[in-house]
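# Descriptive structure summary
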Amino acid sequence: MGAKRAVAGKPAFSRRRVNTGLQVQTVAKVADNSGAKEVMIIGVPGYHGRLRRVPPAGVGDLVVVSVKKGIPEMRKQVFKAIVVRQRRPYKRADGTWIAFEDNAVVILTPEGTPKGSEIRGPIAREAAERWPQIANLASMII
């Protein structure tokens, strides 16, 4: 087969797959102080699946969200976000299983930086390793 080569815009390796606990139409909490309280996932960029299959997302994935609850300026807006917690249990490389008590995301600006200045609650280590800017704002990494 030969060695794998890096393609422009993509990593040379595939990240370890996390069980996907969220999908399009999932309502999730917002873990930052951007002004949004609740969002609905409306897309998963980069997912190329079968026709009519609902795109899934897991911890550390980038998703497109629509704000459902929050301050009036944020409502009905579409943003990109990172999944930082999911209820569905997933297995880590060391064999431990992790599950959070809610599904949560952190909203990003169009430039890709977190919109809020602090993150409430714990975030998954997988998300922190993949997105260092989110790790800097996190109070607790599990």
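Read on for a plain summary of the structure. (Residues numbered from 1 in each chain as written. Predicted model: local features only at pLDDT ≥ 70, side-chain atom pairs only at ≥ 80, totals over all residues. Heavy atoms only, no water.)

## Remarks on the overall build of the protein chain
Looking only at helices and strands, the protein chain has two helices and 11 strands in total. Shown N-terminal to C-terminal, the secondary structure of the protein chain runs as helices and strands in the order β-β-β-β-β-β-β-β-β-β-α-α-β. Residues classed as buried in the protein chain amount to 40% of the 142 residues present. The contacts of the protein chain with a sequence gap of at least 6 include a subset with a gap of at least 24, amounting to 52%. As displayed, the protein chain has an accessible area near 8,900 Å², and 52% of this comes from carbon and sulfur atoms. (Helix = DSSP H or I, 4+ residues; strand = E, 2+ residues; numbered from the N terminus. Buried < 20%, exposed > 50% of the residue type's maximum accessible area, 1.4 Å probe, protein only. Contact = heavy atoms within 4.5 Å. Areas by Shrake-Rupley, 256 points an atom, 1.4 Å probe, with all protein chains shown as cover.)

## Things to note about the pattern of salt bridges
This model, assessed by the stated rule, comprises six salt bridges. One salt bridge in this structure joins D102 and K29, with 3.8 Å as the shortest N-O distance. One end of the pair, D102, is in the loop between β8 (97-98) and β9 (104-108); the other, K29, is in strand β2 (residues 27-30), with 73 residues separating them in the sequence. By relative accessible area, D102 is classed as buried at 11%. Connected through shared salt-bridge partners, K29, R85 and D102 make up one network. (Salt bridge = Lys/Arg side-chain N within 4 Å of Asp/Glu carboxyl O.)

## Notes on the side chain of D102
Side chain to side chain, D102 and R85 meet in a polar contact 2.9 Å long. Beyond its immediate sequence surroundings of up to four residues, D102 is in contact with K29, R85, Q86 and R87. (Polar contact = N/O pair within 3.5 Å; in protein donor to acceptor, adjacent residues only side chain to side chain.)

## As for the nonpolar core
Nonpolar side chains in soluble globular proteins tend to end up buried together. Judged by nonpolar contacts, the single largest core of 18 residues is most densely connected at V84, Y90, I123 and I134. Breaking this core down by element, the ones donating at least two residues are β6 (78-85), β9, β10 (119-123) and α1 (125-130). Among the elements that line this core, the one with the most residues is β9, at three residues. Filtering out sequence-adjacent residues up to four positions away, I134 remains in contact with I82, V84, V106, P114, I119 and I123. (Core = buried A, V, L, I, M, F, W, Y, C linked by side-chain atoms within 4.5 Å.)

## Points about the environment of T26
Here T26 shows up in the loop between β1 (22-23) and β2. It is 8.3 Å that separates the C-alpha atoms of T26 and V39, two residues lying 13 residues apart in sequence. Residues in contact with T26, not counting those within four places in the same chain, are V39, M40, I41 and N103. In this structure the side chain of T26 is engaged in a polar contact, spanning 2.8 Å, whose partner is the backbone oxygen of Q23.

## A look at unusual backbone geometry
Even without a glycine there, the phi angle at R52 is positive, about 70 degrees. In this fold, R52 is placed in the loop between β3 (36-43) and β4 (56-57). Judged by its relative accessible area of 76%, R52 falls in the exposed class. Non-glycine residue K76 carries a positive phi angle of around 65 degrees. Among the secondary structure elements, K76 is positioned in the loop between β5 (62-70) and β6.

## What about the sheet that holds β6?
Strands sit in the order β2-β3-β5-β6-β9 around a closed barrel of five strands; the barrel is mixed. The average undirected angle you get between the axes of adjacent strands in this sheet is 55 degrees. (Pairing = 2+ DSSP bridges. Axes fitted to C-alpha atoms, helices over the stretch in contact; angles between N-to-C directions.)

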